[in-house]
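Fold and contact review
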Amino acid sequence: MFSAKLMFVRAGRSQDLALCDSYISKVDILKILVSANYKYIPSLDDILETAAVTRLRNQLLEAEYYQLAVEVSTKSGLDPSGVWHAWGMACLKAGCLTGAREKFFRCLKAPLDRNQLTLGPRLLQEIVQHLESTIRPALSMSVDEDMLASLAELEEALHELAPVDRMEVRAQHCGRYQECLYYLLTYGTHLSLISFYLRHDCLKEALTHLLSKECPEDVFLEGVLQPCLERGRLGVLQAQLETLDSTLESWGRYLISACQLLQRKGHYHTLYQLQQFMMDHVRAAMTCIRFFTHGAQSYLQLGEQQRWLVRAKEHLRTYLQEQQNRRKHSSSSTFRKKMSSSDVSRHMNTIELQLEVTRFLHRCEGSSPSKSAVTPAPSGNGSPPTLFGGSATKVDVACKVMLGGKNIEEGFGIAYRVIQDFQLEALAVYVRVGQRLVRQRQYQAVRQLLKCVGESGTATKGDCDTIVLSCVSVAERSPVDAKELESLILECKTPENKIKAYLQCSKLRAAYLLAVKLDVAKAGPLVQDVLQAAESSGDSVMQDICRQWLSEHQASRQRHSNNR
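Residues numbered from 1 in each chain as written. Predicted model: local features only at pLDDT ≥ 70, side-chain atom pairs only at ≥ 80, totals over all residues. Heavy atoms only, no water.

**Remarks on the overall build of the protein**
Scanning the protein from terminus to terminus reveals 30 helices and zero strands. Residues counted as buried form 42% of the 564 residues belonging to the protein. Nonlocal contacts in the protein, meaning residues at least 24 apart in sequence, comprise 61% of its contacts between residues at least 6 apart. (Helix = DSSP H or I, 4+ residues; strand = E, 2+ residues; numbered from the N terminus. Buried < 20%, exposed > 50% of the residue type's maximum accessible area, 1.4 Å probe, protein only. Contact = heavy atoms within 4.5 Å.)

If you want it as C-alpha cells, here you go:
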C-alpha cells in the first residue's frame, strides 16, 4: 500500500491517496480482529463499504467485544460514542461502577447551561434510572444460597432482615445513591439533580443546592414546588424553607414566583396558604377579597361569604401592627408587599363599609328575593357590584343600596356614606335612582328621595329641581300618571324649573299660568318658551294666548320706554 501511494504521487494522482488510506484502515481492522482471535473474520471486500463496517461494529457489540468495537470504530472513522455508551451500561449492570465512569466519560459532556429546564441527555437519564431501580447489586451466591434467594427477597421486603444484613443493604443503597449524585453533578442540569433529590425525599438537600447555585425561579417551580403540590406536601416544603432561613428572605424571589404561578393557574386556596406562610398580609387580604366576590350572583350569596372580608380586615390590621414593630427595630422585608399606613387604613374603611353594605343587602334580599334584581349588574356577567370595583361600580352599589330597602330612607344613610367616602358625584346617583323609581311608578318613593336629599345638608336647592326634571323626562305621559306628575312637579323649588317640568310633560296651560304670574322681565322669555312648545304640538289656542300676552306686554314696554 505504501508503494502504491508513492506511485500515485509520482504519477500526479494525489486524489487517489485517500483510496490507499481507506485500504490501509481496512487492513488494520482485519489485523485487529485476527490479533483478538475473533471467530468471524470478514474478507477485505466485505468491509469496503461504510455500511458494512457499521454492521461489523454492531455485531461486535452484540457479542460484547467492546474493545474491538471501539478500535474498529476508530480505525474506520465511525463515531465511537455509541460503543462507549453500550460498554458503560454493560459495566454498570455488572456492578463495575468505576469502569462505568471511565466509559461514560468518553461519551457524556457537561451541559453548557445547567439552568436549562431539562433532565439532561437521554443517556444520563438511563444511567440514573438504572441505578435507582437497583436497590442492591446481586451478591455472589453459592448454589444453595441462590435457591434461597426468593426467600431472602421476601424477608427483605418485610423488613425482617438481620441487623448485619440491614446494614449491608443500607450501605449498598447509599453507594447507588452516591453514584447517581456523581453523574448528576458531573453531567446533569440543576433541575435533574433537584428532581432526583425530591424523588428520594431529600427536600433539604434539594433546597440547599437550589440556594447555593442561585438557580432561577423556574427551576424551583418545576423541580420543587410542583412535585410538592402534587404529593400534598406543601406544608413540609414550608417547614423546610423556614428551617433553612427563618426570615424567608433567601427564598423571597422563589416564593413570589410560586404565588404568581398559583394565581395564573387559579389555585387560589393554595395561594392563600402560601401567602399566610409568607406573612404577606397585604396580598393575603387581596386574596380574601377575591374569595368574597368570586362566583357570587347576588348579595344573598355575598352575605354567606362575608367571613372573607373579616379575614381581609384582620390581615391588614396585622400588617399595620407589624409595620409599627419594624419601625421600632429598623427592619424591613424585601419580598412582602408594602403599603403606606394611610392606604391600609383606607382599604380597611372600604372593607368595613362593604361589610355594612353586604349585611344590609343580604337582609333585604333575604326578606324580599325580588330585591336582588332591583339593579342589573353593568358588567353583564351577573355578579353584584361591590366597593372593590371602579367609580362606576361604586355608583351601582350606592344605587342598589338606596333601592334595596323597604323604602328610600332605610338605605339612604349607607348610600350617602358610600358617596362621601369615595367622592362620587352625588347628583348623578340621585338622578339615576329617581329615574328608576319613576319608571316603576313609585312616585311616593321619589318624593321620599327628594326629602332625604334635602335633609342631607350637602344638596343645593337646584339639586332637587334637577332630580325632578330628570324624573319627569322619563315618566310615562299616560292619564294614569298625570296627577302623580303634577304632584311631583310641585316639589320644584323655583317657578322657572316648574315651568320647564310642565313643558316636558306637555302641560302648556299650567306652564303659561305660572309664567304670567312672574314679573314681566322674567315672564317674557318663559311665555316665549310656552309659545314654541305650542307651535311644536300644534296647539293653536295656546299659540293665540301666548302671542296676545307677548303683544300686549311688548306694547306696554314700548309705551313705558317712550314716556321715559
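**As for the nonpolar core**
Judged by nonpolar contacts, the single largest core of 141 residues is most densely connected at Phe220 and Leu237. Broken down by element, the residue count for this core peaks at nine residues, all from helix 20 (residues 341–367). Not counting residues up to four positions away in its chain, the partners in contact with Leu237 are Leu203, Leu207, Phe220, Val224, Leu225 and Cys228. (Core = buried A, V, L, I, M, F, W, Y, C linked by side-chain atoms within 4.5 Å.)

**Points about unusual backbone geometry**
In this structure, Gln423 is a non-glycine residue whose phi angle is positive, near 50°. Counting through the fold element by element, Gln423 comes out in the loop between helix 22 (408–421) and helix 23 (426–439). Phi is positive for Ser506, which is not a glycine, with a value near 65°. By secondary structure assignment, the location of Ser506 is in the loop between helix 27 (495–504) and helix 28 (508–516).

**Quick look at the packing of aromatic side chains**
Tallied over the entire structure, the rule returns 13 aromatic pairs. When the centroid spacing of 6.0 Å and the interplanar angle of 85° are considered together, the rings of Tyr272 and Phe291 count as edge-to-face. Of the two residues, Tyr272 is situated in helix 16 (residues 268–278) and Phe291 in helix 17 (residues 281–293); the sequence distance between them amounts to 19 residues. Phe291 matches Tyr272 in its accessibility class, with the two residues each being buried. Put simply, the rings of Phe104, Tyr182, Tyr183 and Tyr187 pair up and form one aromatic cluster. The cationic tip of Lys103 hangs over the ring face of Trp87; the distance from NZ or CZ to the ring centre is 4.8 Å. Cation over ring: Arg290 sits above Tyr268, and NZ or CZ is 3.7 Å from the ring centre. (Phe/Tyr/Trp six-rings, centres within 6.5 Å; stacked < 30°, edge-to-face > 60°. Lys NZ or Arg CZ within 6 Å of the ring centre and 35° of its normal.)

**Some details on the confidence of the model for the protein**
Summary statistics for the protein give a mean pLDDT of 82 and a share of 74% for residues scoring 70 or more. Predicted confidence is poor over residues 135–149, with pLDDT under 50, and the contacts of this stretch with residues over four places away or in other chains come to 13 contacts. In the predicted structure, residues 160–172 sits below a pLDDT of 50 and forms 15 contacts with residues beyond four places in sequence or in another chain. (pLDDT = per-residue confidence, 0-100.)

**Let's talk about the environment of Ile408**
Considering the arrangement of structural elements, one finds Ile408 in helix 22. A residue is classified by how much of its surface remains accessible, and Ile408, at 3% relative accessible area, is buried. Remark: the alpha-carbon pair of Ile408 and Gln448, spanning 40 residues in sequence, is separated by 6.5 Å. If near-sequence neighbours (up to four positions away) are discounted, Ile408 is found in contact with Met402, Val433, Leu437, Ala445, Gln448 and Leu449.

**Here we look at the side chain of Arg336**
One can find Arg336 in the loop between helix 19 (307–329) and helix 20. Polar contacts involving the side chain of Arg336 include one to the main-chain carbonyl oxygen of Met278, which spans 2.5 Å. Apart from the residues within four sequence positions on either side, Arg336 is in contact with Thr247, Leu248, Glu249, Met278, Met279, Asp280, Arg283 and Arg326. (Polar contact = N/O pair within 3.5 Å; in protein donor to acceptor, adjacent residues only side chain to side chain.)

**As for the environment of Ser345**
By the secondary structure assignment, Ser345 is in helix 20. Between the C-alpha atom of Ser345 and that of Arg317, which follows or precedes it by 28 residues, the distance is 8.6 Å.

**Some thoughts on helix 24 (residues 443–455)**
If you check helix 24, its first and last C-alpha atoms are 19 Å apart, about what 13 residues at 1.5 Å a residue would give, namely 18 Å. When helix 24 is considered as a whole, its buried residues turn out to be Tyr443, Ala445, Val446, Arg447, Gln448, Leu449, Leu450, Cys452 and Val453. Elements that come into contact with the buried residues of helix 24 comprise helix 21 (391–404), helix 22, helix 23, helix 25 (461–474) and helix 26 (479–489). Where helix 24 ends, the next residue or the one after it, Gly457, has phi of about 90°, a positive value. (Expected span 1.5 Å × (residues − 1).)

**Section: the environment of Gln129**
Relative to the assigned elements, Gln129 resides in helix 7 (residues 122–133). On the basis of relative accessible area, Gln129 is assigned to the exposed category, the value being 55%. Distance from Gln129 to Cys180, taken between C-alpha atoms, is 8.9 Å for residues 51 residues apart in sequence.

**Things to note about the pattern of salt bridges**
A complete count under the given rule lists 17 salt bridges for this structure. Close ionic contact of Lys400 with Glu365 constitutes a salt bridge, the shortest N to O distance being 3.9 Å. Taken together, the positions of Lys400 in helix 21 and Glu365 in helix 20 put the pair 35 residues apart, joining distant regions of the chain. Owing to a relative accessible area of 4%, Lys400 belongs among the buried residues under this scheme. In this structure, the salt-bridge partner of Lys451 is Glu455, at a minimum N-O distance of 3.3 Å. Here Glu455 and Lys451 lie together in helix 24, a separation of four residues that amounts to about one turn. (Salt bridge = Lys/Arg side-chain N within 4 Å of Asp/Glu carboxyl O.)

**Focus on the packing of helix 25 against helix 26**
Relative orientation of the contacting elements helix 25 and helix 26 amounts to 160°, with a least axis distance of 10 Å. When the axis of helix 25 is compared with that of helix 26, the two are roughly antiparallel. The crossing of helix 25 and helix 26 is left-handed. Together, Val468, Cys471 and Val472 of helix 25 and Leu485, Leu488 and Ile489 of helix 26 make up the contact between the two elements. (Axes fitted to C-alpha atoms, helices over the stretch in contact; angles between N-to-C directions. Parallel < 35°, antiparallel > 145°, perpendicular 65-115°, else oblique. Left-handed = near helix turned anticlockwise from the far one by under 90°.)

**Concerning the packing of helix 24 against helix 26**
Running from N to C, helix 24 and helix 26 cross one another at 5°; their axes reach a closest spacing of 10 Å. For the element pair helix 24 / helix 26, the angle class is roughly parallel. Residues Tyr443, Val446, Arg447 and Leu450 of helix 24 lie in contact with helix 26, whose contacting residues are Asp481, Glu484, Leu485, Ser487 and Leu488. Taken together, the residues of the contact of helix 24 with helix 26 break down into five nonpolar, one polar and three charged. (Nonpolar A, V, L, I, M, F, W, Y, C, P; charged D, E, K, R; others polar.)

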